[in-house]
Amino acid sequence: MRASAVAQPNIALIKYWGKQEVAGNVPAVGSLSITLDSLQTRMTVEFDDGIDADSLLLNREPAERMLPRVSQSLDNLLGSNRSPALIESSCNFPIAAGLASSASSFAALVVAASRAAGLQTDTLSLARAAGQASGSAARSLYGGFVELQLIEDKQAPDIAVASILEAGEWPMQVIVAITAKGEKPISSGDAMNLSSKTSPFYASWLEHQGHDLVVARSAVADRNFSALAAISEHNCLKMHSVMWASRPPVVYWNKATLACMETVRKLQADGVPVFFTIDAGPQVKAVCLPKSAERVSKAMQETDGVIDTMESSLGGGARLLNNP
Ligand code: PMV
């Protein structure tokens, strides 16, 4: 009745922004991401009929505020008449700061919970379960380059997720520049709902996502870095334009976010194979080929306003740990 799992965050290159108006947190668009390696969330789940209710420890501290979402995710996976659970989570990077901690958390949660409940659930079903809690979490079940596709069906739209290239097949290095600590002003879920209701650019965002996915998919298949860089930056800036044009505006960036983008542009002008991407937070992820990682990392560290940097190669999907 007890199992542990580990999962890493993923960084979307072609972003998920917007939900379908149906139950189950189904994204309005497909997306394409890379799964990281050295940023990790470990999750232990133990079902115990001897306790009254679920409890959650995050980095050894009670995490009451996050418990309802976690309990709901266990209900979705196992049904609401499941046994209460003791859940322990530890994360080696800042949470709720635009580093996709919810993706690694829910991916690890469903893997651990399914095994603790004695189930042998296939990876796609686990990805769908994780995606109900956090759309991007579905992608952290897989490693390397991952695509989430929509299965169009008016009554019951769904997702399919698969790794399109394993981590070792096209090595990349990701340098994350931390430009602010602390929680973000508005959750990605609330912000995307606001965008879909108020942003004049939202319809156009939906319309062009299919094209961006085709371009990114073939750039990955061809290992064409400059094509992947161009479409990833374009897609990221479009997503933020949708946010900025929402009412009230959703602005996650700060001065250092812009300074980091400038650093990446300068590196590009010097011929360094690197591009930036930014999610629902102020941190900037610089993605580069491993040969340029040292130079990119140094440039990001020296950028005004950068508090810290973290570095990761690409890694595998969520998996069980042997010694819970
Ligand atoms: O999975 P959520 O609900 O935290 O939303 C993630 C949204 C972005 O990180 C901005 C984009 C993405 O595809 O990961």
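Before reading on, note that the structure itself is shown above.
Novice: Before we go on, may I ask you to explain the site of the ligand in this structure?
Specialist: Lining the immediate environment of the ligand, one finds 14 residues, of which Tyr16, Ser134, Ser136, Arg139 and Ser188 sit closest. Taking Arg139, its side chain carries an N or O atom lying 2.8 Å from an oxygen atom of the ligand. Burial of the ligand by the protein amounts to 91% of the accessible area it has alone, namely 390 Å². Judged by the fraction of its atoms near the pocket grid, the ligand is located in the largest pocket. Across the shell around the ligand, the residue classes tally to six nonpolar, five polar and three charged.

Novice: How should the side chain of Glu233 be read in this particular structure?
Specialist: Looking at where Glu233 falls in the secondary structure, it is placed in helix α6 (residues 225–244). Buried charge Glu233 goes without a salt bridge, the closest partner of opposite sign being Arg265 at 5.8 Å. For Glu233, the side chain forms a polar contact with the main-chain nitrogen of Phe276, separated by 3.0 Å. With near-sequence residues (within four places) excluded, Glu233 lies in contact with Val264, Gln268, Phe275 and Phe276.

Novice: Even after reading the chapter, I still don't get the packing of helix α2 (residues 101–116) against helix α3 (residues 123–133), so can you show me in this structure?
Specialist: Geometrically, a packed helix pair is captured by the angle between its two axes and the distance between the axes. Across the interface, α2 lies against α3 with an axial gap of 9 Å and an inter-helix angle of 130 degrees. It follows from the interaxial angle that α2 and α3 lie oblique. Viewed along their axes, α2 and α3 form a crossing whose handedness is right-handed. Contacts between α2 and α3 involve Phe106, Ala107, Val110, Val111 and Ser114 on the former and, on the latter, Leu126, Ala129, Ala130 and Ala133.

Novice: So what exactly am I meant to see when it comes to the sheet that holds strand β4 (residues 41–47) here?
Specialist: Hydrogen bonds along the backbone pair up the strands of a sheet, which may run parallel or antiparallel. Read from one edge to the other, the open sheet built from six strands follows the order β6-β5-β7-β4-β1-β14, with strand pairing classed as mixed. Each of the sheet's edge strands pairs with one partner strand only, and the pair in question is β6 (61–62) and β14 (319–321). In terms of strand pairing, strand β5 (residues 55–58) meets strand β7 (residues 85–91) through four bridges, oriented parallel. Within the sheet, the bridge partner assigned to Leu56 lies in β7 and is Ile87.

Rules behind the numbers
- Residues numbered from 1 in each chain as written.
- Predicted model: local features only at pLDDT ≥ 70, side-chain atom pairs only at ≥ 80, totals over all residues.
- Heavy atoms only, no water.
- Near = heavy atom within 4 Å.
- Polar contact = N/O pair within 3.5 Å; in protein donor to acceptor, adjacent residues only side chain to side chain.
- Areas by Shrake-Rupley, 256 points an atom, 1.4 Å probe, with all protein chains shown as cover.
- 1 Å grid on protein atoms, 1.4 Å probe; cavity = no way out; pocket = protein on both sides within 12 Å on 5 of 7 lines; lining within 4 Å.
- Sits in = over half its atoms within 2 Å of the grid points.
- Nonpolar A, V, L, I, M, F, W, Y, C, P; charged D, E, K, R; others polar.
- Helix = DSSP H or I, 4+ residues; strand = E, 2+ residues; numbered from the N terminus.
- Buried < 20%, exposed > 50% of the residue type's maximum accessible area, 1.4 Å probe, protein only.
- Lys, Arg positive; Asp, Glu negative; His and termini not counted.
- Salt bridge = Lys/Arg side-chain N within 4 Å of Asp/Glu carboxyl O.
- Contact = heavy atoms within 4.5 Å.
- Axes fitted to C-alpha atoms, helices over the stretch in contact; angles between N-to-C directions.
- Parallel < 35°, antiparallel > 145°, perpendicular 65-115°, else oblique.
- Left-handed = near helix turned anticlockwise from the far one by under 90°.
- Pairing = 2+ DSSP bridges.

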